[in-house]
Amino acid sequence: MKKILIANRGEIAIRVMKTAKKMGIKTVAVYSEVDRNAPHVRFADESVCIGEAPSNKSYLLGGKIIEEAKKLNVDGIHPGYGFLSENASFAEEVEKSGLIFIGPKSKSIQMMGDKLAAKEAVKNYNIPMVPGIDKAVTDPIEASKIARQIGFPILIKAAAGGGGKGMRIVEKEAAIEEQMARAISEATSAFGNGAVFIEKYITSPRHIEIQVLADSHGTILHFFERECSIQRRHQKVIEEAPSSILSPELREEMGKAAILVAKSCDYLGAGTVEFLIDKELKFYFLEMNTRLQVEHPVTELISGVDLVEQQIRIACGEALQIKQKDLKINGHALELRVYAEDPLNNFLPSVGNLSTYKIPVGKGIRVDDGFEEGMDIPIYYDPMLSKLIAYGETRIEAIQIMIEAINDYKISGAMTTLPFGKFVCEHEAFRSGNFDTHFVKNYYSAEKLKHEIEEEAKLAALIGLNIYLEEQKQLKIPNTN
Ligand code: MV4
């Protein structure tokens, strides 16, 4: 592989290019008209405009991207996350045009993208699954019967869904008919596929995912877990590795299950297997994400493995050189997603010009971003400004480094989720490790954050006053030395 095109923008495009450069591979950026001067464009060796600002007129134009890749003699295409990354026909088209898709085979993407097909695939591998039905349900009477068997509350999910989209919790039988109808209509308009199925609703789970890598020679490895329970409306906020609730035994068991899930769909490259863990520490397979994930850096920091490098090597047909028994967890890593959203105002997008943008630096701090001072935040794309990643020997050290890094991160021109991240890091439930997927709903409010910010300002004022008074005192006492 001599040249790769990154079919993405922002931090992940830069992240992929960094590894490509390290490997001596030339990089091609694609960009929309508003991104003409974006950092990912300037970071690349070559770049090409692929259309107008809205992503359906640029970053989602698979055909156009492939065409430009061929003109520029590209060998492979890395899709990043989002956009075309889990588009099975794009992966197929890339391969058909004689280029390498740096990701899994189209067939695996398709299989895991359909949650019912995924259940079907893993069925023969003895993977624990949430009690439920593994086929589409349309008849509310049949749904009621199933619900009674598995017990309320139940969760109606869209087969084409994922990431929490189109899910409906049903507490009692009387509500089934209405909720089914809503779920089906939502799924139809959102995914063009109205198939829904039913699972027992696990009320207060932890959301844990396992990173895997599979090569084309039959080796599949797992790279431990990421704890992703701290989320807001299915948007992850803080991820960490390792999780404080996994024993070495449970970790090994889940790692083996994840490897089997990858095997069940003939997986290739980097993938993530999502699980829920209930209060009794029982785990259940949820779904597989067939891409490099936003939160991959925490795994890189605790395992010492560059996941993008492995993706590229695997795509070239190389065999994995790492052995499962040589993989060890080293230290602890946290990632905060820094969004241009106002945590004091219902997380409303807060776009503007980044008049100040200074990232924290220091031991144990990594910032993956695609912005710089003076830039306008485009309204067309995801409002994630950066990923602030902290690494320490222990969890509490990583949390402390994260808090200090948040304090040193200077952004003006847009409201961000930095203060919200600090709120989480300072919260007793988070620090103790005693939390679930309802953390934000249970503990966070704008009022609490406002209070915390005010208290901190008072404290800072008091400290300032104290320093001033000490200085005054010293000026009055003559120095006798
Ligand atoms: C569940 C669940 C509880 N029970 N399935 C969310 C993302 C998608 N991958 C699947 N998700 C869930 N599936 C069963 N049977 C809980 C989640 C879930 C969740 C649900 C509601 C609100 C927030 C959540 C956060 C993480 C996971």
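Residues numbered from 1 in each chain as written. Predicted model: local features only at pLDDT ≥ 70, side-chain atom pairs only at ≥ 80, totals over all residues. Heavy atoms only, no water.

Visitor: Give a description of the sheet that holds strand 1 (residues 3-6) that names residues and reports values.
Guide: Strand order in this open sheet of 5 strands is 3-2-1-4-5, and the pairing throughout is parallel. The open sheet has two edge strands with one neighbour each: strand 3 (46-51) and strand 5 (100-101). Contacting strand 1, strand 2 (26-32) and strand 4 (76-78), helix 1 (residues 10-22) runs over the sheet at an angle of about 170 degrees to strand 1. In this fold helix 3 (residues 62-71) packs onto strand 1, strand 3 and strand 4, with an angle of close to 150 degrees to the strand it touches most, strand 3. (Pairing = 2+ DSSP bridges. Helix = DSSP H or I, 4+ residues; strand = E, 2+ residues; numbered from the N terminus. Contact = heavy atoms within 4.5 Å. Axes fitted to C-alpha atoms, helices over the stretch in contact; angles between N-to-C directions.)

Visitor: Account for the sheet that holds strand 18 (residues 365-369), with residues named and values stated.
Guide: Spatially, the 8 strands line up as an open sheet ordered 13-12-9-10-11-14-19-18, and their pairing is antiparallel. In this open sheet, the two edge strands, each paired with only one partner strand, are strand 13 (283-289) and strand 18. Neighbouring strand axes in the sheet, compared pairwise and without regard to direction, differ in orientation by 25 degrees on average. Strand direction decides the pairing type here: strand 14 (residues 332-339) and strand 19 (residues 384-392), joined by 8 bridges, are antiparallel. The partner of His332 across the bridge, within strand 19, is Gly392. Seen against the sheet, helix 1 touches strand 18 and strand 19 and runs at an angle of roughly 115 degrees to strand 18. The strands that helix 11 (residues 307-315) touches are strand 9 (206-214) and strand 12 (269-277); relative to strand 9, the one it contacts most, it runs at about 40 degrees.

Visitor: Residues and numbers for the environment of Gln293, please.
Guide: Tracing the chain through its elements places Gln293 in the loop between strand 13 and helix 10 (296-303). Within polar-contact distance, the side chain of Gln293 engages the side chain of Asn289 at 3.3 Å. (Polar contact = N/O pair within 3.5 Å; in protein donor to acceptor, adjacent residues only side chain to side chain.)

Visitor: With reference to specific residues and values, describe the environment of Leu155.
Guide: Summarising the element assignment, Leu155 is placed in strand 6 (residues 154-158). Judged by relative accessible area, which is 6%, Leu155 ranks as buried. A C-alpha to C-alpha distance of 44 Å links Leu155 and Val28, two positions 127 residues apart in sequence. Beyond its immediate chain neighbours, meaning those up to four positions away, Leu155 contacts Met167, Arg168, Ile169, Phe197, Ile198, Glu199, Lys200 and Tyr201. (Buried < 20%, exposed > 50% of the residue type's maximum accessible area, 1.4 Å probe, protein only.)

Visitor: Pulling in residues and values, what's your account of the packing of helix 4 (residues 88-96) against helix 5 (residues 106-113)?
Guide: With their axes 8 Å apart at the nearest point, helix 4 and helix 5 run at an angle of 175 degrees to one another. With respect to each other, helix 4 and helix 5 are oriented roughly antiparallel. From helix 4, Ala88, Ala91 and Glu92 reach across to helix 5, where they touch Ser106, Ile109 and Gln110. Counted by class, the contact of helix 4 with helix 5 contains 3 nonpolar, 2 polar and 1 charged residues. (Parallel < 35°, antiparallel > 145°, perpendicular 65-115°, else oblique. Nonpolar A, V, L, I, M, F, W, Y, C, P; charged D, E, K, R; others polar.)

Any link to function would need more than the numbers given here.
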